[in-house]
Amino acid sequence: MRLPYLHDVHEFETPKDSGAMNPHTESWMFSTLDAALCAHTVILMYHSIGDNPVDPHSLHPDIFARQMEELSRRRVRVVGLLDALNEMRQWRKGLRIVITFDDAYSDFLTNAAPVLKEYGYPATVFAPTGLLGGNAAWDSYDKGKVLMTWSELAELQHMGFSVGGHTVSHARLTECSESELERELRDSLLQLKEHLDGSIPVLSYPGGYFGHRESLAARKAGYMAAVGVGSRVANYPWTNLYALRRRRWL
Ligand SMILES: [Zn+2]
């Protein structure tokens, strides 16, 4: 099987730390510019990992395993989402890859986690907190997909993965009233804090639907960052933390 191509990764496969820069040397300006142009965060977006031909958002476990193998072979740096955000803020040089999963499907535990553990790769799962233990009732392709329970999310955290928010009811935020928007964001964060020690205050906008109103609301609700859906563009130190871009690797 020919592996799908991950745009850009091959160009940056040997990231090097820029090291300390001395602002009193004439090379400082060029080093700063160089660091800016090379600081490049790619956030991969997955949903279900399973053999599910009716669902175009599901990825076959064999393909997922080959993609992780490919990342390892290319020796790209795979870091946790919070580490990536810190490095972006510090304008740290070099490509970094972040792995994320929307919707908290239970096949993460069986089909994704073992492969990620094999390579030592961190990942973040974004959970719709009011639907855990149920099914993907919002999904237009396969409403039968099962979501993890709170205890399974705790188990996942125990394995070293992190959990962020995906609203309460997987609501399309751009269609919510002001009060619904506030409730979806605030209550999801509260439930994460209540049920899980160490959950991360990062939001994934359901379906990637967001605009200026939603990103401001996410900030106001207490999230430190928020990710969208589907763009093939990478993130740079100047990227709005409430409009982080992600890409699918199909
Ligand atoms: Zn979703």
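All figures in this text were calculated on a predicted structure; none of them were measured in a lab.

**Q** Whenever I open this one, the overall build of the protein confuses me. Can you help?
**A** Scanning the protein from N- to C-terminus turns up 7 helices and 8 strands. A buried classification covers 39% of the 250 residues belonging to the protein. Long-range pairs, those at least 24 residues apart, make up 64% of the contacts in the protein between residues at least 6 apart in sequence.

**Q** Mind showing me how you'd approach the environment of Ile 200 here?
**A** Topologically, Ile 200 is positioned in the loop between α6 (178-195) and β6 (202-204). On the basis of neighbour count, Ile 200 is assigned to the buried category, with 21 C-beta atoms found within 10 Å. Along the sequence, Ile 200 and Thr 124 sit 76 residues apart, while their C-alpha atoms lie 8.9 Å from each other. In contact with Ile 200, other than residues within four places in its own chain, are Leu 81, Leu 82, Thr 124, Ser 162, Val 163 and Gly 164.

**Q** What is the right way to look at helix α4 (residues 107-119) in this model?
**A** Structurally, the α-helix is built with 3.6 residues per turn, so residues lying three or four positions apart point the same way. With 13 residues, α4 extends 18 Å between its outermost C-alpha atoms, agreeing within 8% with the 18 Å of an ideal straight helix rising 1.5 Å per residue. Along α4, the largest kink reaches about 40 degrees and is centred on Ala 113; proline Pro 114 follows within four residues of it. Every buried residue of α4 is accounted for by Asp 107, Phe 108, Asn 111, Ala 112, Ala 113 and Leu 116. At its buried positions, α4 is contacted by α2 (61-74), β3 (95-102), β4 (124-127) and α5 (150-158). Of the residues flanking the end of α4, it is Gly 120, one or two places downstream, whose phi is positive at about 75 degrees.

**Q** Explanation requested: the pairing of β4 in the structure shown.
**A** A regular strand carries its side chains on alternate faces of the sheet. Burial of β4 is two-sided: the residues Thr 124 and Phe 126 facing one way and the residues Val 125 and Ala 127 facing the other way are all buried. When β3 meets β4, the two strands line up parallel, connected through 3 bridges. Counted as the bridge partner of Asp 102 is Phe 126 from β4. Regarding topology, α4 serves as the crossover connection from β3 to the parallel β4, and that connection is right-handed.

Conventions and cut-offs
Throughout this document, residue positions are counted from 1 along each chain, in the order its sequence is written. Local features are withheld for residues below a pLDDT of 70 in this predicted model, meaning they are given only at 70 or higher, and side-chain atom pairs are given and counted only at 80 or more; totals for whole chains, interfaces and linings count all residues. Secondary structure elements follow DSSP: runs of H or I no shorter than four residues count as helices, runs of E no shorter than two count as strands, and numbering proceeds from the N terminus. Any residue with 12 or fewer other C-beta atoms within 10 Å of its own C-beta is exposed, any with 20 or more is buried, and the rest are partly exposed; the C-beta atoms used are placed from the backbone. What counts as a contact is two residues whose backbone-derived C-beta atoms lie within 7 Å of each other. An expected span of 1.5 Å times one less than the residue number is assigned to each helix. In this analysis the local bend is the angle between axes fitted, respectively, to the seven residues ending at and the seven residues starting at the residue. Paired strands, as defined in this entry, are two strands with at least two bridges between them according to DSSP. Orienting the strands away from the viewer, one traces the path from the first strand over the helix to the second; a clockwise path indicates a right-handed crossover.

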